[in-house]
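# Architecture at a glance
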Amino acid sequence: SRPCDLGGGFMPTLEPVEEAEDQDFGDDEDAPEEEKPAQDAEADDETIVPGWILRRHVHVPPTDPYWANEEFTPLCPDVADPDALVDFPTFHRCVDEFYTKVEEHRAAEQKAQHAKSVYDKVDKIRIDQGRRVEELEKEQEVRERQAALIEANVELVEFALTMVNTMVASQIDWGELWKEVKRQQRLGHPIAQHIHALDLEHNEVLFLLTAPKREGDDSDEEEEDRAMEV
């Protein structure tokens, strides 16, 4: 039968409504494509920038050596020592690690400088003491040498002191006394020859003494006279 036979009218046409619904459905299917910001964020997460910290080896005696961070960079630098370079998977972690260690390395450097200052002072004292010990050893050697010469020439020293004391007791002017000693030296006086200088103000007489030749010493060299305070 024809449509017009079923109630005497025409069937309503729903095509415009169907087209509208079809259009709405089409919009719903295309909705995921509009979420572009989320996709862009995922793309950014996939782009990871690594980082590197360049270190320097610090050794300030007497402290132990350590590595100190010098700089950070997102570009891998070319270094001769591979231990001077530390790599990180992300640049953010690299920066965090660098600034986390800044205070630690600064404290270590201050500690090392303080230790070096103390070490330098101790080393200076040690050098000064060593120099002083060396001077004392030389002085002791001289004193021992003087004592040995006096012991070897004890009679000559006693005669010379007696001669000087006699002249002093005669109340001769000290200047005239020294002139007399020089005159006796020119005359070849055997005792006056060994008087090198007089310091009567401090009761000191400076002698020129030689060590006697030892038995069995075939050397023809005579030891040079040495000035000695007695």
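Before any of the text, the structure's been laid out above.
The structure presented is a predicted model; accordingly, all values stated were derived computationally and were not measured. (Residues numbered from 1 in each chain as written. Predicted model: local features only at pLDDT ≥ 70, side-chain atom pairs only at ≥ 80, totals over all residues. Heavy atoms only, no water.)

## Describing the nonpolar core
Burial of nonpolar side chains together is a common tendency in soluble globular proteins. Ranked by internal contacts, the top residues of the largest apolar core, which has 15 residues, are Met163, Ile195 and Phe207. Here the element with the most residues in this core is helix 4 (residues 154–169); it accounts for five residues. Not counting the four nearest positions on each side in its chain, Ile195 is found in contact with Ala160, Met163, Val164, Trp178, Val181, Gln185, Val205, Leu206 and Phe207. Within the second largest apolar cluster, five residues are counted, among which are Val58, Val60, Tyr66 and Ala68. (Core = buried A, V, L, I, M, F, W, Y, C linked by side-chain atoms within 4.5 Å. Buried < 20%, exposed > 50% of the residue type's maximum accessible area, 1.4 Å probe, protein only. Helix = DSSP H or I, 4+ residues; strand = E, 2+ residues; numbered from the N terminus. Contact = heavy atoms within 4.5 Å.)

## Focus on the pairing of strand 1 (residues 51–58)
Strand direction decides the pairing type here: strand 1 and strand 3 (residues 85–88), joined by four bridges, are antiparallel. Within strand 3, the position partnered with Ile53 by the bridge is Val86. Where strand 1 meets strand 2 (residues 66–73), seven bridges bridge the pair, whose relative direction is antiparallel. Residue Arg55 lies in a different strand from strand 2, and its bridge partner there is Asn69. (Pairing = 2+ DSSP bridges.)

## As for the packing of helix 4 against helix 5 (residues 174–186)
Between helix 4 and helix 5, the least distance of the axes is 10 Å, while the angle of their chain directions is 140°. One way to sum up the angle between helix 4 and helix 5 is to call them oblique. Our pair here, helix 4 against helix 5, has a crossing hand that is right-handed. Two secondary-structure elements touch here, helix 4 through Val164, Met167 and Val168 and helix 5 through Leu177, Glu180 and Val181. (Axes fitted to C-alpha atoms, helices over the stretch in contact; angles between N-to-C directions. Parallel < 35°, antiparallel > 145°, perpendicular 65-115°, else oblique. Left-handed = near helix turned anticlockwise from the far one by under 90°.)

## Focus: the packing of aromatic side chains
Scanning the model with the defined rule gives four aromatic pairs in all. Both rings, one in Phe72 and one in Phe91, keep their centres 5.9 Å apart while their planes meet at 50°; by these two values the pair is tilted. Note that Phe72 is positioned in strand 2 and Phe91 in helix 3 (residues 91–152), a separation of 19 residues in sequence. Taking the relative accessible area as the measure of exposure, Phe91 reaches 23% and is therefore partly exposed. Taking the centre distance of 5.8 Å and the plane angle of 65° together, the rings of Phe72 and Tyr99 count as edge-to-face. Pair noted here: Phe72 is in strand 2 and Tyr99 is in helix 3, with a separation of 27 residues, a long-range link. For Phe72, a relative accessible area of 26% puts it in the partly exposed group. (Phe/Tyr/Trp six-rings, centres within 6.5 Å; stacked < 30°, edge-to-face > 60°.)

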